[in-house]
Amino acid sequence: MSYTLGQEQLDGIEEILQRDLIDVGVRCVFLIDMAGNIIANRDNGKIKHDVYSLAALAAGNFGAVSAMAKIIGEGEFSLLFHKGKKENIHFNKIITEFLLITIFSNDISLGFLRLKVNETVEKIKQILESVQAS
Amino acid sequence: MAFVNPKKKEVQVKIVYYGPGRGGKTTNLEYIYQKFNNRIKTEMVTIKTHGDRTLFFDFLPFDIGKVNGYDVKIQLYTVPGQVKYNATRRLVLRGVDGIVFVADAMAVRREKNILSLKNLQENLANYKKSVFKVPIVLQYNKVDLAEQGIPLLPLETLNKDLNSRLKTASFPASALTGTNVVATMKKIISMTMASIINELK
Ligand SMILES: Nc1nc2c(ncn2[C@@H]2O[C@H](COP(=O)(O)OP(=O)(O)O)[C@@H](O)[C@H]2O)c(=O)[nH]1
Ligand SMILES: [Mg+2]
């Protein structure tokens, strides 16, 4: 069994990631599913991370935190943030099956990043929901 | 569940090595990593304890080239085998496309193999999947130990315990020396690809 998204949807998602996140200074962003598959990714061209390993670890990490949420009686943690000295990672769940992961440096404030991520999540949600419905 | 990307002409497929703790799952991936190091451009990812036991999973991405014009990216995972890590084991199974069940052929591990296979069945049920529907291959590992006089389970016993209902391909193997490690992997890849190939058009 497999699933897919259309060329049009993928183009739409990549354009949103580029315009709303990369163009405002985010270094690297990727949309993955909870199995660890990469749906779309974009970066500013200056860094080359091992995105497949990052996706596998991100899905595992988010899954572990969600399982913890259940144990303590919290439905879910819909977002996660890891702070580093220079680089930071932000995770945001989209519907039940997808995660948006952004990597950004300290030039961007967390507040601004969150704002941009929220906008992006809303737009991508619409695309993904239209696919699920069809 | 495999993701097909028509834009990049790429398919990502998730294969999980499952089985009792210390059966040789990590050793399988390590062998593959060394054997194909010219084709695997990234590091193998492992999350383990100080005692070198798998804590969460190992991860190895493996490109097998093109199938029907699509670049196929196989993602190999192992689970932590220890009984107490069931919650993490279940997470790794999310979206699985194919499974290698690594059984430990040592006679003393008979019960552990059976329990682990049962545990796999329960964890798959959690995702509404069945061990009888997901592509699965059995590997009877550590057959090299026979030379050292260590008692091993006869193949008939292993088949009776683990394969009487599955009726799937099985390989006596040694992850340590590499015997049948690649054959096991090739078999699960071809079975898994067969199950999704119709969807690549
Ligand atoms: N003799 C022998 N030892 C093996 C073989 N495969 C794994 N081992 C050893 O068994 C132990 C556990 O292996 P490991 O791959 O960590 O098992 P895992 O818990 O299933 O990941 C290690 O000490 C390995 O060196 C094998 O085919 N033959
Ligand atoms: Mg291991």
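Chemist: I'd like a rundown of the overall build of chain B, residues and numbers included.
Modeler: What chain B contains, in helices and strands, is five helices and eight strands. Secondary structure elements of chain B occur, N-terminal to C-terminal, as β-β-α-β-β-β-α-β-α-β-α-β-α. Over its C-alpha trace chain B gives a radius of gyration of 16 Å, about what one expects of a compact globule, namely 17 Å for 201 residues. Considering chain B as a whole, with its 201 residues, one finds that 54% of them fall into the buried category. A total accessible area of about 9,200 Å² is found for chain B, and carbon and sulfur atoms account for 53% of it. Side chains of chain B carry 31 positive and 16 negative charges; the gap between the two charge centres is 6 Å.

Chemist: Account for the pattern of salt bridges, naming residues and giving values.
Modeler: Enumeration over the complete set of coordinates arrives at 16 salt bridges over all chains. Of the charged contacts in the structure, one is a salt bridge between D104(B) and R109(B), with a shortest N-O distance of 2.7 Å. When its relative accessible area of 0% is taken as the criterion, D104(B) is described as buried. Overall, the relative accessible area of 19% leaves R109(B) in the buried class. Close ionic contact of R110(B) with D161(B) constitutes a salt bridge, the shortest N to O distance being 2.6 Å. Here D161(B) lies in helix α4 (residues 155–163) and R110(B) lies in helix α3 (residues 110–125), a separation of 51 residues in the sequence. Here R110(B) falls in the partly exposed class, since its relative accessible area comes to 33%. Three or more residues joined by partner-sharing salt bridges are found here, namely D11(A), E14(A), R42(A) and K7(B).

Chemist: How would you summarise the confidence of the model for chain B if you had to cite specific residues and measurements?
Modeler: Detailed reading of the predicted coordinates is not advisable wherever pLDDT is low. With 100% of its residues at a pLDDT of 70 or more, chain B shows a mean pLDDT of 94. Confidence estimates for the predicted assembly give a pTM of 0.92 and an ipTM of 0.84.

Chemist: Quick rundown of the sheet that holds strand β6 (residues 98–105) of chain A? Include the residues and the values.
Modeler: All names here are of chain A. With antiparallel pairing, the five strands of this open sheet are ordered in space as β3-β2-β6-β5-β4. Edge strands, defined here as strands with exactly one partner in the open sheet, are β3 (38–43) and β4 (79–83). Averaged over all neighbouring strand pairs, the angle between strand axes comes to 10°, with direction disregarded. Those strands touched by helix α1 (residues 7–20) are β2 (28–33), β3 and β6, and its axis lies near 35° from that of β3. Across the sheet, helix α2 (residues 51–71) lies against β2, β3, β4, β5 (87–94) and β6, angled at about 60° from β2, the strand it touches most.

Chemist: Break down the site of ligand 1 for me, with residues and values.
Modeler: Residues and elements named next belong to chain B. The full set close to ligand 1 counts 15 residues, and R22, K25, T26, T27 and D144 are the nearest of them. Looking at which element gives the most residues to the shell around ligand 1, the answer is helix α1 (residues 25–35), with three residues. Across the shell around ligand 1, the residue classes break down as four nonpolar, seven polar and four charged.

Chemist: An account of the coordination of the magnesium ion (ligand 2) is needed here, citing residue identities and associated values.
Modeler: Residue and element names in this part refer to chain B. Listed as protein donors to the magnesium ion (ligand 2) are T26 (OG1) and T54 (OG1); their distances from the metal cover 2.0 to 2.1 Å. A residue pair is termed long-range when its members are at least 10 positions apart, and T26 in helix α1 and T54 in strand β4 (residues 54–67) qualify at 28 residues. Taking relative accessible area as the criterion, T54 reaches 13% and is therefore assigned buried.

Rules and cut-offs
- Residues numbered from 1 in each chain as written.
- Chains lettered and ligands numbered in written order.
- Predicted model: local features only at pLDDT ≥ 70, side-chain atom pairs only at ≥ 80, totals over all residues.
- Heavy atoms only, no water.
- Helix = DSSP H or I, 4+ residues; strand = E, 2+ residues; numbered from the N terminus.
- Rg over C-alpha atoms; globule rule 2.2 N^0.38 Å.
- Buried < 20%, exposed > 50% of the residue type's maximum accessible area, 1.4 Å probe, protein only.
- Areas by Shrake-Rupley, 256 points an atom, 1.4 Å probe, with all protein chains shown as cover.
- Lys, Arg positive; Asp, Glu negative; His and termini not counted.
- Charge placed at Lys NZ, Arg CZ, Asp CG, Glu CD.
- Salt bridge = Lys/Arg side-chain N within 4 Å of Asp/Glu carboxyl O.
- pLDDT = per-residue confidence, 0-100.
- Pairing = 2+ DSSP bridges.
- Axes fitted to C-alpha atoms, helices over the stretch in contact; angles between N-to-C directions.
- Contact = heavy atoms within 4.5 Å.
- Near = heavy atom within 4 Å.
- Nonpolar A, V, L, I, M, F, W, Y, C, P; charged D, E, K, R; others polar.
- Donors = N, O, S within 2.8 Å, 3.2 Å for Na, K, Ca; no water.

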